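# Fold and contact review
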Amino acid sequence: MGLFEAILLSIVTASTPLLLAASGELITERAGVLNLGVEGMMLIGAVCGFAGAWATGSTAIGALCGIAAGVALSALFAAAAIGLAINQVAAGLAVTILGTGLAGLIGAPFVGENITAAPHLWLPWLTDIPLIGKLLFGQDALVYLSIGLIAAIAYVLARTRTGLILRAVGDDPASAHALGYNVAAIRTRAVLFGGGCAGLAGAYLTLAYTPFYAPGMTAGRGWIALALVVFASWRPGRLVAGAILFGAVSILQLHAQAIGLGVPSQLMSALPYLATVLVLVLISRVRRGGSVAPAALGTAFVPER
Amino acid sequence: MSLVLERRSERSVAIALLSPLLAITLTLLTLTIVFVALGKNPAAALAVYFITPLTDGYSLQEIAVKASPLIMIAVGLALCYRANAWNIGAEGQLLIGAIAGSGLAVMTHGTNPGPWLMPAMLLVGALAGAAYALIPALCKVRFGASEILISLMLVYVAGLLLDYLVRGPWRDPAGFNFPTTAEFDPAATLPLLIAGSRVHAGLILTMIAVVAAAVLLGRTLKGFEIRVVGTAPRAARFAGFNADRLVLTTFAISGALAGLAGIIEVAGPIGRLQPDISPGYGFTAIIVAFLGRLNPLGILASGLFLALTFIGGEQAQIALKLPQDMTGVIQGILLFYVLACDSLILYRIRWRSPQRKALHGPL
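Below, the structure is looked at part by part. Position labels on residues start from 1 in each chain and follow its written sequence. Each chain takes a letter, starting from A, and each ligand takes a number, starting from 1, following the order in which they are written. Residue-level local features of this predicted model are given only where pLDDT is at least 70; pairs of side-chain atoms are given and counted only at 80 or more, and the full residue set underlies all totals for whole chains, interfaces and linings. Think of the side-chain values as coming from all heavy atoms in the structure, minus any hydrogens and water.

## Topic: the overall build of chain B
The helix and strand labels rest on DSSP assignments: H or I over at least four residues marks a helix, E over at least two residues marks a strand, and numbering proceeds from the N terminus. Across its full length, chain B holds 13 helices and 2 strands. Restricting the calculation to C-alpha atoms gives the radius of gyration, and the globule rule supplies 2.2 Å times the number of residues raised to the power 0.38. The C-alpha atoms of chain B give 22 Å as radius of gyration, which agrees with the globular expectation for 363 residues (21 Å, within 12%). Considered along the principal axes of its C-alpha atoms, chain B spans approximately 80 × 55 × 40 Å. Relative accessible area decides the class of each residue, using a 1.4 Å probe on protein chains only: under 20% of the type maximum gives buried, over 50% gives exposed, and in between gives partly exposed. Residues classed as buried in chain B amount to 54% of the 363 residues present. Contact between two residues is taken to exist if any of their heavy atoms lie within 4.5 Å; hydrogens are not considered. Pairs at least 24 apart in sequence give 77% of the contacts found in chain B among residues at least 6 apart. As presented, chain B carries roughly 15,900 Å² of accessible surface, and 67% of it is formed by carbon and sulfur atoms. Charge counting follows a simple rule: Lys and Arg are positive, Asp and Glu are negative, and His as well as the terminal groups are ignored. In plain terms, the charge of a residue is placed at NZ if it is Lys, CZ if Arg, CG if Asp and CD if Glu. Here chain B carries 25 positive and 17 negative side-chain charges, and the mean point of each set is 15 Å from the other. We get accessible surface area from the Shrake-Rupley algorithm with a probe of 1.4 Å; when it comes to residues, only the shown protein chains can shield them.

## Describing a nonpolar patch on the surface
All names here are of chain A. Candidate patch residues must exceed 30% relative accessible area and have no salt bridge, after which like charges are joined if within 9 Å and Val, Leu, Ile, Met, Phe, Trp or Tyr side chains if within 5 Å. When a carboxyl oxygen of Asp or Glu lies within 4 Å of a side-chain nitrogen of Lys or Arg, that pair is called a salt bridge. Residues Phe4, Leu126, Ile129, Leu131, Ile132 and Leu136 make up a contiguous nonpolar surface patch of roughly 520 Å² in combined accessible area. Within the element layout of this structure, isoleucine 129 appears in the loop between helix H4 (88-107) and helix H5 (132-137). What makes isoleucine 129 partly exposed here is its relative accessible area of 33%.

## Remarks on the interface of chain B and chain A
One frequently used descriptor of interface size is the decrease in accessible area upon assembly of the parts. Of the residues lining the interface, 50 residues belong to chain B; the matching set on chain A comes to 50 residues. Summed over both partners, the accessible area (1.4 Å probe) lost when two parts come together is defined as the buried area. Buried area between chain B and chain A, summed over both chains or domains, comes out near 4,300 Å², and the portion from carbon and sulfur atoms is 78%. Counting the contacts that link chain B with chain A gives 0 salt bridges. Of all the secondary structure elements, the ones that give two or more residues to the side of chain B that touches chain A are strand E1 (2-7), helix H5 (117-143), helix H6 (147-167), helix H11 (281-291), helix H13 (325-346) and strand E2 (347-352) of chain B. Under the scheme applied here, ten amino acids are nonpolar (Ala, Val, Leu, Ile, Met, Phe, Trp, Tyr, Cys and Pro), four are charged (Asp, Glu, Lys and Arg), and all others, including Gly, are polar. Among the residues making up the side of chain B that touches chain A, the classes are represented as 36 nonpolar, 7 polar and 7 charged.

## So, the packing of H4(A) against H13(B)
Interaxial distance between H4(A) and H13(B) falls to 7 Å at its minimum, and their mutual angle equals 155 degrees. The orientation of H4(A) relative to H13(B) falls into the category roughly antiparallel. The hand of the H4(A)/H13(B) crossing is left-handed. Along the contact surface, H4(A) presents Ala90(A), Ala91(A), Leu93(A), Ala94(A), Val95(A), Ile97(A), Leu98(A), Thr100(A), Gly101(A), Leu102(A), Gly104(A) and Leu105(A), while H13(B) presents Asp325(B), Met326(B), Gly328(B), Val329(B), Gln331(B), Gly332(B), Ile333(B), Leu335(B), Phe336(B) and Leu339(B). Axis geometry follows a simple rule: fit a line to the C-alpha atoms, using only the stretch in contact for helices, then measure angles between N-to-C directions, giving values from 0 to 180 degrees. Angular relationships are summarised with four words: roughly parallel below 35 degrees, roughly antiparallel beyond 145, roughly perpendicular across 65 to 115, and oblique for the angles in between. With the far helix as reference, a near helix turned anticlockwise by less than a right angle produces a left-handed crossing, and one turned clockwise produces a right-handed crossing.

## Quick notes on empty space enclosed by the protein
Cavities and pockets are defined on a 1 Å grid built over the protein atoms alone: a cavity is a set of grid points where a 1.4 Å probe fits but cannot escape, while a pocket is an open set with protein on both sides within 12 Å along at least five of seven lines, and lining residues are those with an atom within 4 Å of any such point. Grid points are joined across faces, edges and corners, and a volume is the space filled by probe spheres set on the points. Applying the stated criterion across every chain, the model contains 2 cavities of 30 Å³ or more. In this structure, the largest cavity occupies an estimated 60 Å³ of space. Around the largest cavity, the lining residues are Ala81(A), Ile82(A), Ala85(A), Gln88(A), Val183(A), Ala184(A), Arg187(A), Ala300(A) and Phe301(A). Taken together, the elements giving at least two residues each to the lining of the largest cavity come down to helix H3 (59-83) and helix H9 (183-209) of chain A. Broken down by element, the residue count for the lining of the largest cavity peaks at 3 residues, all from H9(A). For the lining of the largest cavity, a count of residues per class yields 7 nonpolar, 1 polar and 1 charged. For the second largest cavity, the calculated volume is near 40 Å³. What lines the second largest cavity is Ile24(B), Thr27(B), Leu28(B), Phe50(B), Phe305(B), Thr309(B), Ile330(B) and Leu334(B). Secondary structure elements with two or more residues in the lining of the second largest cavity: helix H1 (13-37), helix H12 (296-319) and H13 of chain B.

## Focus: the nonpolar core
Side-chain atoms within 4.5 Å are what join buried Ala, Val, Leu, Ile, Met, Phe, Trp, Tyr and Cys residues into a set we call a nonpolar core. Core analysis: the largest hydrophobic core is formed by 202 residues, its most contacted members being Leu239(A), Ile73(B), Tyr81(B), Ile88(B), Met121(B), Phe290(B) and Met326(B). Looking at which element gives the most residues to this core, the answer is H5(B), with 14 residues. Aside from chain neighbours lying at most four places away, what touches Leu239(A) is Leu19(A), Ala22(A), Ser23(A), Leu26(A), Ile150(A), Leu228(A), Val229(A) and Ala232(A). Membership of the second largest hydrophobic core comes to 9 residues, among which are Ala83(B), Val228(B), Ala236(B) and Phe241(B).

## A closer look at the side chain of Asp163(B)
Mapped onto the secondary structure, Asp163(B) falls in helix H6. Here a polar contact is recorded for every N or O atom pair within 3.5 Å, except that within protein the pair must consist of a potential hydrogen donor and a potential acceptor, and residues adjacent in sequence are included only if both atoms are side-chain atoms. Within polar-contact distance, the side chain of Asp163(B) engages the side chain of Arg167(B) at 2.9 Å. Leaving out residues up to four positions away in the same chain, Asp163(B) has contacts with Gln266(A) and Pro275(B).

## Thoughts on helix H7 (residues 202-219) of chain B
All names here are of chain B. Between the first and last residue of a helix there are one fewer steps than residues, each counted as 1.5 Å, and that sum is the expected span. The terminal C-alpha atoms of H7, which comprises 18 residues, lie 25 Å apart, in line with the 26 Å expected from a rise of 1.5 Å per residue. Taken together, the buried positions of H7 are occupied by Gly202, Leu203, Thr206, Ala209, Val210, Ala213 and Leu217. Summarising the axial view, the buried residues of H7 lie within an arc of 110 degrees, below the 170-degree limit, and thus occupy one face. In the core, the buried residues of H7 are packed alongside helix H3 (57-82), helix H8 (221-231), helix H10 (243-270) and H12. Arc definition: directions from the helix axis to the C-beta atoms.

## As for the packing of aromatic side chains
Each aromatic pair joins two rings of Phe, Tyr and Trp (for Trp, the six-membered one) with centres within 6.5 Å, and gets the label stacked for planes under 30 degrees apart, edge-to-face for over 60, and tilted for any other angle. Applying the stated criterion across every chain yields a total of 12 aromatic pairs over all chains. Judged by centre distance (6.2 Å) and plane angle (80 degrees), the ring pair of Phe231(A) and Phe246(A) falls under edge-to-face. Here Phe246(A) lies in helix H11 (residues 236-259) and Phe231(A) lies in helix H10 (residues 221-231), a separation of 15 residues in the sequence. Owing to a relative accessible area of 17%, Phe231(A) belongs among the buried residues under this scheme. Note on Tyr281(B) and Phe310(B): the rings are 6.0 Å apart at their centroids and 75 degrees apart in plane angle, and the pair reads as edge-to-face. Of the two residues, Tyr281(B) sits in helix H11 while Phe310(B) sits in helix H12, which places them 29 residues apart along the sequence. Judged by its relative accessible area of 4%, Phe310(B) falls in the buried class. Grouping aromatic residues by their ring pairs yields a cluster made of Phe35(B), Tyr49(B), Phe50(B) and Phe305(B). Each ring is checked for a lysine NZ or an arginine CZ that lies within 6 Å of its centre and within 35 degrees of its normal; such an atom marks a charge sitting over the ring. Sitting over the ring of Tyr209(A), Arg221(A) keeps its end group 5.0 Å from the ring centre.

## Details of the pattern of salt bridges
Any two side chains of opposite charge can pair if their charged atoms end up close together. Residue and element names in this part refer to chain B. The full count for this structure, using the stated rule, is 8 salt bridges over all chains. Between glutamate 6 and arginine 348 there is a salt bridge, and its shortest N-O distance comes to 3.9 Å. Taken together, the positions of glutamate 6 in strand E1 and arginine 348 in strand E2 put the pair 342 residues apart, joining distant regions of the chain. Two residues, arginine 272 and glutamate 183, come together in a salt bridge whose shortest N-O distance is 3.6 Å. Of the two residues, arginine 272 sits in the loop between H10 and H11 while glutamate 183 sits in the loop between H6 and H7, which places them 89 residues apart along the sequence.

## Remarks on unusual backbone geometry
Positive phi values are uncommon outside glycine, yet Ala85(A) reaches one of about 55 degrees. Mapped onto the elements of the fold, Ala85(A) is located in the loop between H3 and H4. Residue classification places Ala85(A) among the buried residues on the basis of a relative accessible area of 14%. Unlike most non-glycine residues, Asn84(B) shows phi in positive territory, near 65 degrees. Its location among the elements puts Asn84(B) in the loop between H3 and helix H4 (90-107).

Written as structure tokens, this is what we have:
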């Protein structure tokens, strides 16, 4: 396997958790809810995913545990931000603080333990094609799942009644309510979906990215996923491009460190975060004047009467 | 039957006063369940966290030492949040303040520079924190970029810069390869308030910050502006208040206070720059600000309470073999309850039976 092929493969692996978490947050935000708890939900997903796989030896069960943990934590967020109409920014931060603490608590016994990484697909002939074989036909199941998920999201948002209702709730909850839709219930479902995706994204880190658990192993990926949604202007297609771009930045900085450019390794490690800042500024600058964010994003909706 | 929120015709004063106490009570009840689930005696565990630290002089001093940065940072954050500006990156501003101030200490190491050094370090720390906070604020004002995400990304950048400096150019050559700077000279160290204790002069600066913020918010036009922009943005526009400038101002103030807290930590209790200088003060301060109801005097009380959980957490590591992360769990639960109880000031919760089916009209 050539270096170039290895880099391409690792970019896909690095992009997948970002894509999963950002896909969930995209749906959440399209429903008008800003959930800043992604980092916390990913962390709890990472540790619960690891625990599930460690106890059962099954990647699939691990992934389900990660999803369940993300859903559970996002239910707490939904109860606060939707049920009690608490400021979404503050409630999201509470989720991240709580999730970080809980993950540390649950994960303490697992530090230093190992599991077998999620198996990679292998198809005779196809996977053996040089360069593109492993890239297209040799990934783990979760990579294909994440691609299927974002494709489904794109379809549902643009082409189905469910997508229309979801967007209506995010753009104009008062009208959606007046039409008889239960805004709180729809937003709650969107938040739970987002939580499940974030949990799975975290689980991907421990199940496929690295087959071990380390404290704080999300390293800000949850926040980068949030930035990705802004970068994508809340559109699924651009989300894929953004995830690959950010995955590439984080992988290329590793390779640049390995080559030894004479640049401090910490500067290289800071690149994904600096890139995020730069991208946020550039995107916002381009869009200045006409925001494409869901109109009611971040605002609580409490029906009168 | 479902639970629905109903807007109160006026804010409930009774709940506003009771809310923090209610939140703390609910937190204690929840923790009881958590401790039982962890197989610990809940009464004993709660005592370790919330009572034992109050029983000896040393722990009380430690509470004051830990509360000082929390209160100082939270006071600044409260100004921000009141103006609807979301500075979430105080942890990064703290680190940058510590780095910049320490720069002076490192450069003057062993030269006996005189009494100007300490004030200069504090000033440089505060200015650096303010400058660092102005990056997300400017990005928001100029380009409409999310100040939340940018201020957060800069936390990671600041952490890596600190790591680089203490492992690279600023590492103590006589330090056996440990990643720290040399211990600061006496001239670069904050004086102690009580000889032989750890209670340092930074406490006085914290108290000044609390009083100054209380006066600013309660008694000045700027404070009025902050409150109006935060609670009634439309009215603020009609009044000619410039919301953008207020974002810059409140970010600069909160960054300066976080930076100041950072340099006080390294020049006070720690005494040198090292990779870990803060147990997440910048993030915990967010909880302190909300628990204190975004009010400087309330923050004074809530900062002491959150410091108690840090000290309790340290003791629980030894006495109960509970990991330090338990402190984060406690703080997260507390923040949830604080926010939930505050919601009851504006709304009451009602049971409603589903009499009317949702109409499926034109859609």
